[in-house]
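# What the coordinates show
As a plain string of letters, each chain reads:
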Amino acid sequence: MTFKVPVGPQHPALHEPEHFKVELEGEEIVDVDLRLGYMHRGIEKGLQDRNYHRGIYLAERVCGICSVAHSLSFALAAEDIADMQVPERADYIRTIVAELERLHSHILWAGVAGEEVGFQTLFMTMWRDREKVMDLLEMVTGNRVNYSINRVGGVREDIEDKHAEKILKNLESLEEDLKRYVEIFPSDSTVLARMKDKGILPKKKAQELSASGPVMRGSDIKRDVRADDPYAAYGEIPFDVPVETGEDVLAKAVVRLRECLESIEIIRYALDAMPEGSLMSDEVQGMPIGVNKGLPVGEVTGRVEAARGDLMYHMKSEGEEEDGPSRVKIRTPTLANIPAVFEMLEGESMAEVPIVLASIDQCFSCTERIAIVDKETHEKEIKNMQELREMER
Amino acid sequence: MNAALEFFVSYLLFPGIIFSFIFGQLFEGIDRKIAAHMQSRIGPPILQPFYDIGKLFTKEDITPEKSQSFFFNGAPLIAFGAVITAMIMIPVTGVIEPLGGSLSLIVVLYLLNIPAIALIIGGYASSSPFGVLGSNRYIIQLIGYELIFIITAITAAVHAGSYNLASGFGNWFIFRAPLAAAAMLLAVPGKLLKTPFDIPEAETEIVMGPLTEYSGPKLALFKLTHNIELLAIAGLFTALFLGGPVSVTIGAVTIPGVVTFLIQALVVAILITLIRCVTARLRIHQALKFYWGPIGFVAFLSLILAVMVW
């Protein structure tokens, strides 16, 4: 006899309302079903109603943790349409802030992973060390979340020498902590008991299901937008893309922590190589807040590597007479990784549900776009993949 | 008349409800404070568990419609009664004779099982999928740690040559049977549902297991039971392996037995906190394997040694 356990919409393992219907036989998982749509905020529609300058504010608020990635992706797309050249110094600042964000996001994730397997001490100490990055972000941008650093055409704040000093100092002590964690994860016996060989995503399946980000790199696929399709200053900075061959949850954890170490190197190099120059593009020099007018006709995709994977903003502009974009489509990495969750949960037990869900570093608020509500009758309709494809055309 | 009065005093005041309430909550507070400092937090004030229980008792008693049953409502009372009865049978002071006759160890072992069984029944009766899942896990875990608990208790009894907790165990048997003491210490987190064996209550997996549907005074009673259980089990360990409560005279000052009992019990409680802070939660079959594998072997070895050598 099987019975259904509702993981969500309210559940301690999920930090956002989502509904996973898990069908169990004893402890073993027989079937998993997902119901999205609790957090739909209509952001894509909202972006169509705003001009580019106001749109970037909204894009930034798609997700609190990867707000630089969202605003950067939006800015890249808009700059591409306008054929605008961003000053080199702005590119470097974007890179540095994006890497700081990756650091804090990955450390946050590793702490949450510790909590999901019941390791409270790991959770607390990781979040304590994460504060070092949060302090840096606050110092550079003025905010702990939603940094508002990116503008269409450049960046808002400069990184001065005194900032650079503090960044290097904090990163040094953070590097020591991270090296310790990279050792703890694959050696602590209870962590191993919970993470090793659990939630396996074979390399072939990861390719078929087009997983992205650390989920894919944990399955031995070396793919990273920063290296494959460089944006901002990544083309000028040498760095490695760490991959792990474990295919399990542990591999995904180790990949993230090794990426953190790599991020620290990137920031150090960028601080050293950062050229002098202005922060905003010449074309928007007269406008202190960035672009606040229409852009020429065009249709482009802005693509960045967010902490969770490949993030895309597809943007379409229908001419300068319109203030903002006529259509923006956001493809977030969590959406790309959801098919992989079902693969990873196959044959596992209830005990693995939280850690496997966490292993894709789920961020549902940026994933929502599937429920369709009829305005007159208030009837809800859930669209499947095929219908969605047709709607998008 | 005198015997009846004595019983009421011991049940209500010492070492019954009032005493075990105060020190059970206090130990929980100390446990939380130490854990917080180990995790580089400040942690709640030591009196926090008192506030929590006080608040829970003043809350509205809500029982979900589908959980309405005699078993769901009665489980917390049965659990609380059993653990208080166990407390008055465990020697906590050298002066007042605890209740129970020559077989009190066996009675205490049974009584300490009743809270777990009450929680399991309450979980099943709650008709919540999380409660049922938690109770399923709890039964498996019960089979795991209880075997170790009983074997090690019997090992101590073999060394003592008696089942009478009040008078039989006067020695520090931890030196004669260190293996049994270690095995029992590792079984205690399983009995108290502390990490790495908080599997039946695993918060991120099954919300709160059998306790999911409990709220208000009923939840308070279960929490209270849980905290007193810590005191009772630490007390049982003290009585079995650490010579029980002994009053010590230093110069002109006589320290009563209850103080040494509390110190010993606190040491046991802190050891459990340490284990809790350095581990992740295991999976249920890993826990069973752990108890019936290496720990079971050690426990049986200590029993065989006790029977053959002594």
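Everything below is about the structure printed above this text.
Described below are features of the structure shown in this document. (Residues numbered from 1 in each chain as written. Chains lettered and ligands numbered in written order. Predicted model: local features only at pLDDT ≥ 70, side-chain atom pairs only at ≥ 80, totals over all residues. Heavy atoms only, no water.)

Bringing the overall build of chain A into the picture now. Within chain A one finds 14 helices and 10 strands. A globule of 393 residues ought to have a C-alpha radius of gyration of about 21 Å, and chain A, at 21 Å, matches this closely. Taking the principal axes of the C-alpha coordinates as reference, chain A spans close to 70 × 60 × 35 Å. Looking at the 393 residues of chain A, the share that counts as buried comes to 61%. Within chain A, counting contacts between residues at least 6 apart in sequence, those at least 24 apart form 69% of the total. In chain A, 49 positive and 74 negative side-chain charges are present, and the distance between their average locations comes to 2 Å. (Helix = DSSP H or I, 4+ residues; strand = E, 2+ residues; numbered from the N terminus. Rg over C-alpha atoms; globule rule 2.2 N^0.38 Å. Buried < 20%, exposed > 50% of the residue type's maximum accessible area, 1.4 Å probe, protein only. Contact = heavy atoms within 4.5 Å. Lys, Arg positive; Asp, Glu negative; His and termini not counted. Charge placed at Lys NZ, Arg CZ, Asp CG, Glu CD.)

The next point concerns the pattern of salt bridges. Residue and element names in this part refer to chain A. Inspection of the entire model under this criterion finds 38 salt bridges over all chains. Here Glu131 makes a salt bridge to Arg144, at a shortest N to O gap of 3.1 Å. One end of the pair, Glu131, is in helix α5 (residues 120-141); the other, Arg144, is in the loop between α5 and β4 (150-151), and 13 residues separate them in sequence. Residue class for Glu131 comes out partly exposed when judged on its relative accessible area of 28%. Here the residues in one salt-bridge network are Glu99, Arg102, Arg217, Asp224, Arg226, Glu259 and Glu305, joined through shared partners. (Salt bridge = Lys/Arg side-chain N within 4 Å of Asp/Glu carboxyl O.)

All names here are of chain A. Only one face of strand β1 (residues 3-7) is buried, namely the one carrying Phe3, Val5 and Val7, since none of Lys4 and Pro6 on the opposite face is buried. Where β1 meets strand β2 (residues 19-25), 5 bridges bridge the pair, whose relative direction is antiparallel. Bridge pairing in β2 links Val7 to Phe20. (Pairing = 2+ DSSP bridges.)

Interface size, as often reported, equals the accessible area lost upon joining of the parts. The interface of chain B with chain A comprises 23 residues on the first partner and 31 residues on the second. Taking both partners together, chain B and chain A bury about 2200 Å²; carbon and sulfur atoms supply 58% of that area. Of all residues in chain B, Thr204, Glu205 and Arg283 of chain B bury the most surface against chain A, accounting for 27% of the area lost on that side. At the junction of chain B with chain A, the criterion picks out 3 salt bridges. Put simply, Arg194 of chain A and Glu205 of chain B hold a salt bridge, and the shortest N to O gap is 3.0 Å. Counting the contacts that link chain B with chain A gives 13 residue pairs in polar contact (both at pLDDT 80 or more). When residues of the side of chain B that touches chain A are traced back to their parent elements, those giving at least two are α6 (129-160), α9 (203-206) and α12 (284-309) of chain B. Looking at side-chain class alone, the side of chain B that touches chain A contains 11 nonpolar, 6 polar and 6 charged residues. (Buried area = accessible area lost by both parts, 1.4 Å probe. Polar contact = N/O pair within 3.5 Å; in protein donor to acceptor, adjacent residues only side chain to side chain. Nonpolar A, V, L, I, M, F, W, Y, C, P; charged D, E, K, R; others polar.)

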